[in-house]
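# Architecture at a glance
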Amino acid sequence: MTIAPPHACKDIPDEQFLTAVDDAIQIRSDDDGRQWVWATRWDVAAVLAGRPDLVGIGEACDPSLFPPDLLSAKIGQLVRRGVLDGCACGCRGDLSRPGGTEPERILRSDSAS
Ligand SMILES: [Zn+2]
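All values reported here derive from a predicted model rather than from experimental measurement.

### A look at the overall build of the chain
- Per the secondary structure count, the chain includes four helices and zero strands.
- When burial is assessed residue by residue, the chain has 31% of its 113 residues classed as buried.
- A fraction of 47% describes how many contacts in the chain between residues 6 or more apart in sequence connect residues 24 or more apart.

This is how it looks when you write it as structure tokens:
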């Protein structure tokens, strides 16, 4: 599930981005043995770049994995629409999913409103 090379927000399907957030949270939980409820922007970048092995470690911060500006823009878009919780300012993000981790359900209820 790698996107290469994305140039604009529309190149990243919402569902794929939200699934990457879910995956990153799950990988953190599996690695740690505790249930995580958020992931960093770098975790999500690593999953999107096809490097889920980098979730939770410093190498995920390598900006060549995924364009940082694009990551911020996409996070901002999804936060404004209410399908993602977190911060797009460029900090670690603390990205989580309002109402749990089912992108299909959330996207459906979003488009129905
Ligand atoms: Zn921030």
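Now that the structure has been shown, we can carry on.
### A short note on the packing of helix α1 (residues 14-32) against helix α2 (residues 41-48)
- Two elements in contact, α1 and α2, have axes separated by 9 Å at closest approach and are oriented at 110°. Between α1 and α2, the angle falls in the class roughly perpendicular. Between α1 and α2, the residues in contact are A20, V21, D23, A24 and R28 and D43, V44, V47 and L48, respectively.
- Taken together, the residues that form the contact of α1 with α2 break down as six nonpolar, no polar and three charged.

### Examining the environment of I25
- Checked against the element boundaries, I25 lands in helix α1.
- Each C-alpha atom of the pair I25 and L95 lies 8.9 Å from the other, and the pair is 70 residues apart in sequence.

### Examining unusual backbone geometry
- Phi at D94 is positive, roughly 45°, even though this residue is not glycine.
- Turning to its location among the elements, D94 is positioned in the loop between α3 (68-80) and α4 (103-112).

### Section: the nonpolar core
- Grouped together as the largest cluster of nonpolar side chains are 25 residues, with contacts concentrated most on V21, A24, V44 and A45.
- Elements represented by at least two residues in this core include exactly α1, α2 and α3.
- Among the elements that line this core, the one with the most residues is α1, at seven residues.

### A word on α1
- Relative to the 27 Å expected for 19 residues at 1.5 Å per residue, α1 spans 27 Å between its end C-alpha atoms, a close match to the ideal helical length.
- What α1 keeps buried is the set F17, L18, A20, V21, D23, A24, I25 and I27.

### Observations concerning the environment of D53
- Relative to the helices and strands, D53 is located in the loop between α2 and α3.
- For D53, a count of 12 C-beta atoms within 10 Å gives the class exposed.
- Sequence-wise, D53 and D43 are 10 residues apart; in three dimensions their C-alpha atoms are separated by 9.5 Å.

Conventions we followed
- Residues numbered from 1 in each chain as written.
- Predicted model: local features only at pLDDT ≥ 70, side-chain atom pairs only at ≥ 80, totals over all residues.
- Helix = DSSP H or I, 4+ residues; strand = E, 2+ residues; numbered from the N terminus.
- Buried ≥ 20, exposed ≤ 12 C-beta atoms within 10 Å, placed from the backbone.
- Contact = placed C-beta atoms within 7 Å.
- Axes fitted to C-alpha atoms, helices over the stretch in contact; angles between N-to-C directions.
- Parallel < 35°, antiparallel > 145°, perpendicular 65-115°, else oblique.
- Nonpolar A, V, L, I, M, F, W, Y, C, P; charged D, E, K, R; others polar.
- Core = buried A, V, L, I, M, F, W, Y, C linked by C-beta atoms within 7 Å.
- Expected span 1.5 Å × (residues − 1).

Just distances and angles here, no functional claims.
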